[in-house]
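# A closer look at the structure
Chain residues, written in single-letter form:
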Amino acid sequence: MTTRSSDIEKAAGVLRAGGLVALPTETVYGLGANVEDPAAVARVFQVKGRPPSHPLIVHIGSADDLGDWVEDVPATARVLAERFWPGPLTLVLRRGPRVPLEATGGLETVAVRVPDHPVALALLSSFGGGVAAPSANRFGSVSPTTANHVRAELGDAVDFVLDGGSCEVGVESTIVDATGETPSVLRPGGVTREELEAVLGRPLAVHSTSRVRVPGQHPSHYAPRARVVLVEPEKVVAEAELAQELGHQVGVFLPPAFAGTAVKAHAVVEVPGSMAAYARGLYGFLRRLDERGCDLIVASLPVEQGLGLAIANRLRRAAGPRPTE
Ligand code: AMP
Ligand code: MG
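Now for a quick tour of the structure. (Residues numbered from 1 in each chain as written. Chains lettered and ligands numbered in written order. Predicted model: local features only at pLDDT ≥ 70, side-chain atom pairs only at ≥ 80, totals over all residues. Heavy atoms only, no water.)

### Some words on the sheet that holds strand 3 (residues 57-59)
How we decide: Pairing between strands is defined by DSSP: at least two bridges between them are needed. In DSSP terms, a helix is any run of H or I states spanning at least four residues, a strand is any run of E spanning at least two, and both are numbered starting from the N terminus. Contacts are residue-level and defined by heavy atoms, with any inter-residue pair within 4.5 Å sufficient. Working convention: axes come from line fits to C-alpha atoms, limited for helices to the stretch in contact. Angles between N-to-C directions cover 0 to 180 degrees.
Ordered in space as 7-1-2-6-3-5-4-8-9-10, the 10 strands form an open sheet in which the pairing is mixed. If you trace the sheet from one side to the other, it starts and ends with strand 7 (160-161) and strand 10 (205-206), each paired once. Examined bridge by bridge, strand 9 (residues 184-187) and strand 10 share 2 bridges and lie parallel to one another. Within the sheet, the bridge partner assigned to Ser184 lies in strand 10 and is Ala205. Set on the sheet, helix 2 (residues 38-48) makes contact with strand 2 (30-34) and strand 6 (131-132); between it and strand 2 the angle comes to about 155 degrees.

What follows is the structure, encoded as structure tokens:
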């Protein structure tokens, strides 16, 4: 996958003019706007259908620029940025004056990261500023991991889609609150808890609820159209076949231990044994089952270690209560 430098220049121009650019990152595709342009940021919320109280992540081109966007950089944040940037780690820090409150949902903190994707880094370098970018999907739905996912979901609402191929990591960044003495994980993601703990030299709390607002913790997020039901791995086949018999169009996430098993269901996804491959494929699998017309997806949770923690978090959220329920 090669992206032409003329496309990078065009995308940077769109950002400078106050437009919206969908950009590839190693986690998922983002819907980017110049963070310093409140009208452009407002359009991001409008296009996503996201409540304006839900803060965005500010993407910057280099860890060296962190001080331009935050009030101060505590020692722990510095250590994490040095070790994990560019990469799928977002640091929540105290907001600097260049970040308008529109981008932080009115919070005095700001989430910042340096993405590990050559196209995103080229865009950030050419643009020169910070890019506020949530995932490029409608609020609550499955995040896009290809440019085609973005086009299918947002169409003309985005001024320019930069195609950088499929996202390597496939799930969103890990969000760490680094404002206080003791950092904590607000959302598990592409950097594992174990990797963070190894660098910090101490156990890290993972908060399912926190004093800051994180939409990834509300009921039903990262959700396909089909309802998602989670069962024990050894019950997946039986539950799927029962629901199919009852008249559902069932999509199955077949656990690796059952690979090759014939399942009487509408569509089957064989879950990869490697957590990295599972994370990379997760959102594409959910989209595929929607496209196949499934109304119910039967899945199980992976062991919650390494990337399994983020995958389980997204599956739980996908299975969460829908707004209409
Ligand atoms: P998304 O919009 O799907 O890319 O998700 C962005 C994530 O970053 C959301 O879960 C936000 O709530 C989170 N986030 C952004 N800014 C902050 C902040 N200041 N404090 C806590 N979480 C934040
Ligand atoms: Mg999102």
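### As for the pattern of salt bridges
Rules: Any carboxyl oxygen of Asp or Glu that lies within 4 Å of a side-chain nitrogen of Lys or Arg is treated as forming a salt bridge with it. Relative accessible area decides the class of each residue, using a 1.4 Å probe on protein chains only: under 20% of the type maximum gives buried, over 50% gives exposed, and in between gives partly exposed.
By the definition in use, this model includes 12 salt bridges. A salt bridge links Asp163 to Arg151, with the shortest nitrogen-to-oxygen separation between them at 3.9 Å. Of this pair, Asp163 sits in the loop between strand 7 and strand 8 (174-177) while Arg151 is found in helix 5 (residues 147-154), placing the two residues 12 residues apart along the sequence. The class of Asp163 is partly exposed, set by a relative accessible area of 27%. With a relative accessible area of 39%, Arg151 lands in the partly exposed category. The structure contains a network of salt bridges with shared partners spanning Glu36, Asp68 and Arg98.

### A look at helix 4 (residues 118-127)
Worth spelling out the cut-off: An arc is given here, and it is the one of the directions from the helix axis to the C-beta atoms.
Regarding helix 4, the residues found buried are Val119, Ala120, Leu123, Leu124 and Phe127. Down the axis of helix 4, the smallest arc covering the buried residues is 135 degrees, so these residues share one side. Turned more than 90 degrees away from the buried face of helix 4, the exposed residues are Pro118 and Ser125. Residues of helix 4 that are buried sit in contact with helix 1 (5-16), strand 1 (21-23), strand 2, strand 3 and strand 6. One or two steps after helix 4, the chain reaches Gly128, where phi turns positive at roughly 90 degrees.

### Things to note about the pairing of strand 8
Side chains Thr174 and Val176 project from strand 8 onto one buried face, and the interleaved Ile175 and Asp177 project onto a second face that is buried too. Bridge count for strand 4 (residues 89-94) against strand 8 is 4 bridges, and the pairing is parallel. Paired with Thr90 across the bridge in strand 8 is Ile175. Of the pairings in the sheet, the one linking strand 8 to strand 9 comprises 3 bridges and is antiparallel in character. Counterpart to Val176 in the pairing with strand 9 is Val185. Between the antiparallel neighbours strand 8 and strand 9 lie 6 residues.

### Remarks on empty space enclosed by the protein
Put simply, the rule reads: Each cavity reported here is a set of points on a 1 Å grid over the protein atoms alone in which a 1.4 Å probe fits but cannot get out, each pocket an open set with protein on both sides within 12 Å along at least five of seven lines, and each lining residue one with an atom within 4 Å of a point. Grid points are joined across faces, edges and corners, and a volume is the space filled by probe spheres set on the points.
Under the defined criterion, the tally for this structure stands at 2 cavities of 30 Å³ or more. There is about 50 Å³ of room inside the second largest cavity. Residue lining of the second largest cavity: Thr174, Val185, Pro188, Gly189, Val191, Thr192, Arg193, Gly306, Leu307, Leu309 and Ala310, and that is the complete set.

### Description of the environment of Thr104
With respect to the helices, strands and loops of the structure, Thr104 is situated in the loop between strand 4 and strand 5 (109-113). Taking the C-alpha atoms as reference points, Thr104 and His54, separated by 50 residues in sequence, lie 7.2 Å from one another.

### What to know about the nonpolar core
Soluble globular proteins tend to bury their nonpolar side chains together. How we decide: Think of a nonpolar core as a cluster: buried Ala, Val, Leu, Ile, Met, Phe, Trp, Tyr and Cys residues, connected wherever their side-chain atoms sit within 4.5 Å.
If you look at the biggest cluster of nonpolar residues, it comprises 45 residues, and the most contacted ones within it are Leu31, Leu80, Trp85, Leu89, Leu91, Val150 and Leu196. Those elements that provide at least two residues to this core are strand 2, helix 2, helix 3 (75-84), strand 4, strand 5, helix 5 and helix 6 (193-200). Looking at this core element by element, the count peaks at 5 residues for helix 2. Here Leu91 is in contact with Ala77, Leu80, Ala81, Trp85, Val110, Ala111, Val112, Val176 and Ala178, once residues within four sequence places are set aside. Core analysis: the second largest hydrophobic core is formed by 26 residues, Val142, Phe253, Ile311 and Ala318 among them.

### Looking at the packing of helix 1 against helix 4
Formally: Note on angle classes: values under 35 degrees are labelled roughly parallel, values over 145 roughly antiparallel, values of 65 to 115 roughly perpendicular, and the remainder oblique. Here a crossing is taken to be left-handed if its near helix is turned anticlockwise relative to the far helix by less than a right angle, and right-handed if that turn runs clockwise.
Across the interface, helix 1 lies against helix 4 with an axial gap of 9 Å and an inter-helix angle of 55 degrees. When the interaxial angle is binned, helix 1 and helix 4 end up oblique. In this structure, the crossing between helix 1 and helix 4 has a hand that is right-handed. Each of Ile8, Glu9, Ala11, Ala12, Leu15 and Arg16 in helix 1 lies in contact with helix 4, whose residues at this interface are Val119, Ala122, Leu123, Ser126 and Phe127.

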